[in-house]
Amino acid sequence: MRFPRSRSDIEHLVPGGRDGRRMLWVSFTDKAGSGLWYGTSALYYTFVAGLAPHEIGLLLGVAGAVGVAGTPVAGRVADRVPLTRLLPAVHALRAAAAVGILFTGTLWLLLPIAALGSLGDRSASVLTKLYAARVAGPDRVRYQALQRTVVNIGFGIGGLAAAVALAVGTGTAYRTMLVGDALSFAGAALLVLRCAEPPSPVRVVATAATAGGEPPLSKAPATGPWRDRGYLAYTATEALLFLDDTALNVGLPLWIATATAAPHSLVALLFVLNNVLVVLFQVRLSRLGDEPRRAAASLPLLGLAFLVAGGAMAVSAVDSAGIAVVALVVAATAFTAAEIVHAAISWELSLALAPGRSQGAYLGVHGLAQSAQRSAGPVLLTSAVMAVGPLGWLGLGGALAAVSVGQRTLVRRRLNRLDGLERPGAAAPQAPAVPSGTVTVSGVDYGE
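Residues numbered from 1 in each chain as written. Predicted model: local features only at pLDDT ≥ 70, side-chain atom pairs only at ≥ 80, totals over all residues. Heavy atoms only, no water.

Caption draft 1: Main features of the nonpolar core. Among the nonpolar cores identified, the biggest contains 74 residues, and Tyr45, Leu328 and Trp393 are the most heavily contacted of them. In terms of residues, this core owes the most to one element, helix H16 (residues 321-352), which gives 11 residues. With residues near it in sequence (within four places) discarded, Tyr45 still touches Trp37, Gly50, Leu51, Ile56, Leu59, Leu60, Ile101 and Leu110. Within the second largest apolar cluster, 21 residues are counted, among which are Met23, Ala132, Val150 and Ala188. (Core = buried A, V, L, I, M, F, W, Y, C linked by side-chain atoms within 4.5 Å. Buried < 20%, exposed > 50% of the residue type's maximum accessible area, 1.4 Å probe, protein only. Helix = DSSP H or I, 4+ residues; strand = E, 2+ residues; numbered from the N terminus. Contact = heavy atoms within 4.5 Å.)

Caption draft 2: Seen up close, the environment of Ala343. Note that Ala343 resides in helix H16. On the accessibility criterion, Ala343 (31% relative accessible area) is partly exposed. Remark: the alpha-carbon pair of Ala343 and Leu285, spanning 58 residues in sequence, is separated by 9.5 Å. Discounting residues that sit within four places of it in the chain, Ala343 has contacts with Arg148 and Gln282.

Caption draft 3: Layout of the environment of Lys31. Secondary-structure assignment places Lys31 in helix H2 (residues 17-38). Along the sequence, Lys31 and Gly154 sit 123 residues apart, while their C-alpha atoms lie 5.1 Å from each other. For Lys31, the contacting residues outside a window of four places in its chain are Val151, Gly154 and Phe155.

Caption draft 4: Layout of the environment of Ala132. Of note, Ala132 is situated in helix H7 (residues 107-136). C-alpha separation for the pair Ala132 and Gln147, spaced 15 residues apart in sequence, amounts to 8.7 Å. With sequence-adjacent residues up to four places away left out, Ala132 is seen in contact with Tyr143 and Gln147.

Caption draft 5: Geometry of the packing of aromatic side chains. Per the counting criterion, the structure on display carries nine aromatic pairs. Geometrically, the ring pair formed by Trp255 and Trp393 is edge-to-face, given 5.9 Å between the ring centres and 75 degrees between the ring planes. With Trp255 in helix H12 (residues 243-259) and Trp393 in helix H18 (residues 390-422), this residue pair connects regions lying 138 residues apart in the sequence. The exposure classification of Trp255 matches that of Trp393, with both residues buried. A ring pair is formed by Phe335 and Trp393, whose centres lie 6.4 Å apart and whose planes are at 65 degrees; its orientation type is edge-to-face. Taken together, the positions of Phe335 in helix H16 and Trp393 in helix H18 put the pair 58 residues apart, joining distant regions of the chain. Trp393 matches Phe335 in its accessibility class, with the two residues each being buried. (Phe/Tyr/Trp six-rings, centres within 6.5 Å; stacked < 30°, edge-to-face > 60°.)

Caption draft 6: Expanded view of the packing of H2 against helix H6 (residues 83-102). Packing of H2 against H6 leaves a shortest axis separation of 13 Å and a crossing angle of 15 degrees. Judged by the inter-axis angle, H2 sits roughly parallel to H6. Relative to H6, H2 is oriented so that their crossing is left-handed. On H6, the residues touching Met23, Val26, Asp30, Ser34 and Trp37 of H2 are Leu87, His91, Arg94 and Ile101. (Axes fitted to C-alpha atoms, helices over the stretch in contact; angles between N-to-C directions. Parallel < 35°, antiparallel > 145°, perpendicular 65-115°, else oblique. Left-handed = near helix turned anticlockwise from the far one by under 90°.)

Caption draft 7: Main features of the pattern of salt bridges. A complete count under the given rule lists three salt bridges for this structure. With its nearest N and O atoms 2.6 Å apart, the salt bridge here joins Asp121 to Arg94. A residue pair is termed long-range when its members are at least 10 positions apart, and Asp121 in helix H7 and Arg94 in helix H6 qualify at 27 residues. Judged by relative accessible area, which is 23%, Asp121 ranks as partly exposed. Judged by its relative accessible area of 3%, Arg94 falls in the buried class. With a shortest N-O distance of 2.8 Å, Arg414 and Asp228 are connected by a salt bridge. Residue Arg414 is located in helix H18, and its partner Asp228 is located in the loop between helix H10 (201-210) and helix H11 (229-241); the two are separated by 186 residues in the primary sequence. Here Arg414 matches Asp228 in class, with each residue buried. (Salt bridge = Lys/Arg side-chain N within 4 Å of Asp/Glu carboxyl O.)

Caption draft 8: Main features of the packing of H11 against H16. Running from amino to carboxyl end, H11 crosses H16 at an angle of 165 degrees, the nearest separation of the two axes being 12 Å. In terms of their interaxial angle, H11 and H16 are classed as roughly antiparallel. When you trace H11 past H16, the crossing you get is left-handed. Only His342, Ser346, Leu349 and Ser350 of H16 make contact with H11, whose side of the interface consists of Tyr231, Tyr234, Glu238 and Leu241. Split into classes, the residues belonging to the contact of H11 with H16 amount to four nonpolar, three polar and one charged. (Nonpolar A, V, L, I, M, F, W, Y, C, P; charged D, E, K, R; others polar.)

Caption draft 9: Representation of a nonpolar patch on the surface in the model. There is a patch of nonpolar side chains on the surface, built from Leu304, Leu307, Val308, Val326 and Val330 and spanning about 410 Å² of accessible area. Of all elements in the fold, only helix H15 (299-315) and H16 reach the threshold of two or more residues within the nonpolar patch. Of the residues forming the nonpolar patch, the biggest block, three residues, is contributed by H15. Within the secondary structure, Leu307 sits in helix H15. (Patch = residues over 30% accessible without salt bridge, like charges linked within 9 Å, V, L, I, M, F, W, Y side chains within 5 Å. Areas by Shrake-Rupley, 256 points an atom, 1.4 Å probe, with all protein chains shown as cover.)

Caption draft 10: Structural detail: the confidence of the model for the chain. Scored by pLDDT, the chain comes out at a mean of 80, with 80% of its residues at no less than 70. Segment residues 6-10 is flagged for pLDDT under 50; beyond a separation of four residues in sequence, or across chains, it makes four contacts in the model. Counted against residues more than four places away or in other chains, residues 423-448, with its pLDDT under 50, gives 44 contacts. (pLDDT = per-residue confidence, 0-100.)

Caption draft 11: Spatial organisation of H12. Along its 17 residues, H12 runs just 20 Å from first to last C-alpha, ending more than 12% under the 24 Å computed at 1.5 Å per residue. Of all the bends in H12, the greatest, near 40 degrees, is centred on Gly251, and the proline Pro253 appears no more than four residues after it. For H12, the tally of buried residues reaches 14 of 17 residues, placing the bulk of the element in the interior. (Expected span 1.5 Å × (residues − 1). Bend = angle between axes of the 7 residues up to and from the residue.)

If you want it as structure tokens, here you go:
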């Protein structure tokens, strides 16, 4: 791999010009601060706010439930309000929520504050992706890869700082991490204000339609995603397979603090390990999802990763600090492997299984899978898996492995159906001629 050696190399590497590069800095600043908080949040609520594990699960579950609304609401508002005004406002909301948590120690006051923060987090995520897609245009895939790398580098740096706070272990150290998180949101807001507003696909599509251009028809008749039982079933399995996120960010820290002999500072170090592995291997393993059937064939690898992770978490409960540390490193590595494999195949399948002319609506439904997991996942882990003990982790690993195999069957069946619609003589609608000078993005033509 050749690394950029000059400014011109960097400008060629990053799509979207100056604003594309600035948005990468926005992502880095945002996630470096988030790394400070995610690495310490569970223990902050335990040792500073004084909450019990089941109260933390309730807090994170309610916050996640409110955050579910962030993705569809933010996307809808973004069609009417410039992103360079809406996104800074969302970052300001996140900063205010962080400050509110800093000065609150009661569960019933923390609930609405954390909920607003979660709403801001999910909104910021979709708005940042939307800006990236608009500013990078046809190079959005390359830009997404760069952004994911930058995000994980930011998380890693924040996680290293969080490791220091956990090693110190004082309330002041935990509060400092929360202040850093709030400052990162403020910095991200200021950086966005320096970016130019990218062209809106909504306005471009409207112009193309006026000129006589029409989006191509899908290879299957367009239906609403809420009436498509096959896609809803796929999305439901996705919500379960996204549990690697909650297992790493919630389950692992609480398990270390309450059920193992490992030092608490290991939490942040495992968080750094997760981000380093993603940076090193995400691009290399992206080939697992470069084609729908290859993505489906990779699902058993995902199941294997979950099995190993669940088994290692169970072993970590032994009364030995050394064995616990080794088992937890194996568990974190396996959960990270699940994250990498799932990220490589999930995006491809969410597109491939959706009708082309309705991909926007379908991807919106698919996006709710991760939001739903963030809402129900903490409650599931704290109230069911961790409450049972080591056997709970074994059961979780086995269940997610079974879901992975079941999703492969579901995906293959749907791909076979779509292939059948493409065979000669099948009753598939034909796409009208697309005017020259257009770029197809997620099944919709945007005029250049």
